[in-house]
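# Analysis of the macromolecular model
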Amino acid sequence: MSVSYKVGTVKSKQSPNVNTQPKAPVVKGVKTTGKKKDEEEGIDTADGEEWMQGKTLVKPPDQLDLTEEELKEEITRVLTANNPNAPQNVVRYSFKEGCYKTIVFVDQMAIHFELEGNLVHKESDEGRRLMAKHTEREDCGGDERLENVPIKPGKREQKVTNQFNFIDRASQTLNNLPREISCQTEPPPRANFSATANQWEIYDFYVEELQRREKSKEKQESQFPNKEEDRSKKKMIQAEAQSDDISQLAKPAKIIERMVNQNIFDEVAQDFMYFEDAADEFRGEKGTLLPLWKFQYDKAKGLSVTALCWNHIYSDLFAVGLGSYEFTQQERGMLLFYTLKNPSFPEFIFNTDSGVMCVDIHEQLSYLVAVGLYDGCVSVYDLRKKSDQPMYNSIASSGKHTGAVWQVKWQKDDLDSNHNFFSVSTDGRVVSWTLVKHEIVFTDIIKLPPVDKVPDDLKNVVATAGTSLDFHKQKDHHFLVGTEAGKIHKGSKYYSSKFLEMYDAHFMTVSCVRWNPFHPNVFISCGWDWMVKIWDHTINSPVFTFELKSSVTDVAWSPYSSTVFAAVTADGKVHVFDLSINKYEALCQQKVVSKKTRLLHIEFNPVHPIIIVGDDRGRVISLKLSPNLRKKPKEKKGQELPKGPEVEIAKMEQLLSSLR
C-alpha cells in the first residue's frame, strides 16, 4: 500500500485592517477574552468586535524554507505488514535433512495493545439470558416496588417466597480413615548445560566433519586397495568412522526401552513370577500351560523358526534361528537374540545370506554362538563385536558341507585349548570344527552308512542324510545321530571307522534325538511317524513308546526332573509327560497356536519353570508350567528329602527296572 502527500505551509486569510506580527500558536477550541489575555497568548486584536478579528499562526523559527518546486514534490511512503523488529536469521534443525535450515516465514505480528474485556455477544445464550433478565426487571420496576406506584394492568405482582416454610433433610455416614503412603528416594543427579551457537560455528563444524570423513576414506583406500575379500573390513571401518557421540545413548535408550516394556507387560511379568494355578488341585494329575510373552520381529515375516537355544549363563536370554524347510523358499535367514526383559524387540540381530537351520550357544563362553546354514556353511558369531558378519565362516576349501547343516554342538576345548564344535549335515558327514587363530579347521569324524536299498556301486557315494546330533552328558565322546531313513546311530569320537550301535527307531525321518541330562543310559527320539520313543542304549528296542497322532517335530527333556519331557507336533499342540506319575499318556495336551500353524521346536528354560515354542510363522511363544507339571515329593515333618542328580537317576532307574 502506498500513500502520497504534499508538504507545504499553511496560509490564512486576514482582514486588511489587521497587522501581521509574530504570534504564538493558537490552541483550537479554547476561547479567550480581554486584551491582556490576548497579549499573553500572542493574539493580536484590533479595534472592533472580537468575532470580526482574524487570527494568524506564528511560523516556528526552525521551520524549513522550501521553494515552490519542493512544496509541490510528492513523497511516496510504502506501508507493509512486516514487523521491522522481527528477526530475519532464525535457524532450526531439520531432522529430515540432518542440518540447520533458515526459517523463511517469521511471525510478523506485533501486538500494540491488548485488553481483556467482559463483553458478551447479545446473540449468544448468555447474552439472551441477561437481556431477558434485564427486561423482566424493567417490567417489574426494579427489585423493590414503591407503595405509591400503581401496578400496571395485565402484570402479575411477583410473589415473595415464605422463608420460614422449608424442610431440612440430612444423613450421616462413616468417613473413611485417611491413609498415608510415602517413600523416600534419593534425588536423581542434575547438571545444567547451556551453550550458544551461531551460524559460523555450525558452518565450521560441518567443514571439520567433511574433512574427517575424507581422511577416513583415504585411509581405507590406502589399506585395502580393490580387494574383494576385505569388503567386510571396509564396512567395519566405515561404521566406526560414521559413528559419533549419539552412539553413547544406545545403552541408556535400551534401559529405558526395557522399563517401558516392563510397565506395558506388567501383568505378564507378575504371572511369570508369582502366579500358580490353584485349579490344579481339582484336576488330579493333569496340568496346564499359561501363555506369557510372544516374541515376533516384523522383518522376519515369511520365515520359520528353525532353532531355539537358551543361554546357560544369562537365563533370560535365548537365540532364535530363522529360515525355511522348503527347498523352493531359500532366500535369506536371520539369527535373533531375545530377552524376557524386552519381548518387543530383539537384543541382537544378524542377517545371513542363507537360512539358519541350527544354533548352539557355548556353555562357558556365552558370547560364542555356532550356526549351521542351509547352504552347508557353519559360522561362529561373537556377540561382543558389533559387526553383522561372523567371526569364523567355513568355505569350500575349508571342508564346507555339501548339504544343509541340521545340527551343531559345542564340545570341550582340545588339548591345545582351542574351541571346537561338531556338525551333521544332509551329506552324511559328522565333522569336527576347530577355531585356530583366524581360521576354522575341519576334521571328518565319521560318515553315515548308506541306505540298504541303494545299489552296491553307489554305496560308497551316497550316504544317509543326518538330521539330529547329541552328545552324552557324562561321557562326551559318545554321540547319537538321527537320520532321514529313521535310523539312530551311536558313535564315538575315538572310532572313525564305524558306529558302535544302530537302532531301528522310526519308519520316517528322525526329527530329534537327545540324551537324558541325568541318567547315563537313557535317550529319547521323535519322528515324522507320530512316535516318541524312550530308549536304553544297552537295549535295541524302545522302553516307552507314545503315539501323538501327528508328526512330532521336536522333543526336549526337562532340566529339573529325569522323568519329565515335552514334545511339539505339527497340529500346534504341546504334550508334557511325567513318567513317574503316568507312564501311558501325557499330563497336558494343549493347543497354543491357531489353525494351519505348525509348531517346530521346543526348549526348557534351565532355571525358570517355563518353555518356549517356535512355529512356522517366525513367532516364539513362552509358556509357564502349572504346579502339576513340575511336582516334587512332599516333605515329611522333621525329614529333609534328598536332592541332587542321584535322586533323579534313582527315579528313572526304578522305572526301567520295573519294565525289565
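Note that the structure is predicted; figures quoted are calculated from it, not measured. (Residues numbered from 1 in each chain as written. Predicted model: local features only at pLDDT ≥ 70, side-chain atom pairs only at ≥ 80, totals over all residues. Heavy atoms only, no water.)

### Examining the nonpolar core
If you look at the biggest cluster of nonpolar residues, it comprises 21 residues, and the most contacted ones within it are Phe318, Val320, Leu322, Leu340 and Val620. At the level of elements, α7 (266–274), β5 (289–295), β6 (304–310), β7 (317–323), β8 (333–339) and β31 (610–615) are the ones that each hand at least two residues to this core. Contacts of Phe318, omitting those with residues within four sequence positions, involve Phe295, Cys309, Trp310, Asn311, Leu336, Phe337, Tyr338, Leu340, Ile612 and Val620. (Core = buried A, V, L, I, M, F, W, Y, C linked by side-chain atoms within 4.5 Å. Buried < 20%, exposed > 50% of the residue type's maximum accessible area, 1.4 Å probe, protein only. Helix = DSSP H or I, 4+ residues; strand = E, 2+ residues; numbered from the N terminus. Contact = heavy atoms within 4.5 Å.)

### A short note on the sheet that holds strand β15 (residues 420–425)
Pairing is antiparallel across the open sheet formed by four strands, whose spatial order is β14-β15-β16-β17. Looking at which strands have only one partner, the edges of the open sheet turn out to be β14 (405–411) and β17 (439–447). When strand polarity is set aside, the average angle formed by the axes of neighbouring strands in this sheet is 25°. The pairing of β15 with strand β16 (residues 429–436) spans five bridges and is classified as antiparallel. Its bridge partner being in β16, Ser423 is matched across the sheet by Val431. (Pairing = 2+ DSSP bridges. Axes fitted to C-alpha atoms, helices over the stretch in contact; angles between N-to-C directions.)

### Some words on the sheet that holds strand β30 (residues 599–604)
Read across the open sheet, the four strands follow the order β5-β32-β31-β30; overall the sheet is antiparallel. Every interior strand has two partners, whereas the edge strands, β5 and β30, have only one. Mean inter-strand twist for the sheet, computed between neighbouring axes without regard to direction, equals 25°. The pairing of β31 with strand β32 (residues 620–625) spans five bridges and is antiparallel. Across the sheet, the residue bridging to Gly614 is Val620, located in β32. Those strands touched by α7 are β5, β31 and β32, and its axis lies near 135° from that of β5.

### Quick notes on the side chain of His401
By the element assignment, His401 lies in the loop between β13 (392–393) and β14. The contacts of His401, once residues within four sequence positions are left out, are Asp375, Gly376, Ser423, Ser425, Asp427, Arg429, Val431 and Trp433.

### Details of the packing of aromatic side chains
Inspection of every chain in the model, using the stated rule, returns 29 aromatic pairs. When the centroid spacing of 6.3 Å and the interplanar angle of 80° are considered together, the rings of Phe205 and Tyr206 count as edge-to-face. Taking relative accessible area as the criterion, Phe205 reaches 53% and is therefore assigned exposed. Among the aromatic residues, ring-to-ring pairing joins Phe544, Phe546, Trp557, Phe565 and Phe577 into one connected group. One Lys or Arg, Lys254, reaches over the ring of Phe348 and ends 5.9 Å from the middle of that ring. It is Arg384 that lies over the ring of Tyr367; its NZ or CZ is 3.8 Å from the centre. (Phe/Tyr/Trp six-rings, centres within 6.5 Å; stacked < 30°, edge-to-face > 60°. Lys NZ or Arg CZ within 6 Å of the ring centre and 35° of its normal.)

### With respect to the UniProt feature "repeat: WD" (unreviewed entry) in the chain
The UniProt record annotates "repeat: WD" (unreviewed entry) at residues 503–536. Here residues 503–536 is 0% helix and 59% strand, with 11 Å between the C-alpha atoms at its ends. (UniProt positions renumbered as here; feature names shortened; annotations may be inferred.)

### A closer look at the state of the cysteines
One covalent bond between the sulfur atoms of two cysteine residues makes up a disulfide. For the coordinates displayed, the defined rule picks out zero disulfides. This cysteine, Cys526, is not joined by any disulfide, and Cys512 carries the nearest cysteine sulfur, 5.2 Å off. Judged by relative accessible area, Cys526 falls into the buried class, the value being 0%. (Disulfide = S-S within 2.5 Å.)

### A few points about the pattern of salt bridges
By the definition in use, this model includes 23 salt bridges. The salt bridge involving Glu276 is made with Lys624; its shortest N-O contact spans 4.0 Å. Taken as a pair, Glu276 in the loop between α7 and β5 and Lys624 in strand β32 lie far apart in primary sequence, 348 residues in all. For Glu276, a relative accessible area of 37% gives the class partly exposed. Exposure remark for Lys624: the relative accessible area of 4% places this residue in the buried category. Within the structure, one salt-bridge network assembled from shared partners comprises Glu209, Arg212 and Arg213. (Salt bridge = Lys/Arg side-chain N within 4 Å of Asp/Glu carboxyl O.)

### Some points on the environment of Pro449
Within the fold, Pro449 resides in the loop between β17 and β18 (466–471). Look at Pro449 and you get partly exposed, because its relative accessible area is 32%. Separated by 16 residues in the primary sequence, Pro449 and Ala465 have C-alpha atoms spaced 9.3 Å apart. Beyond its immediate chain neighbours, meaning those up to four positions away, Pro449 contacts Thr464, His489 and Phe499.

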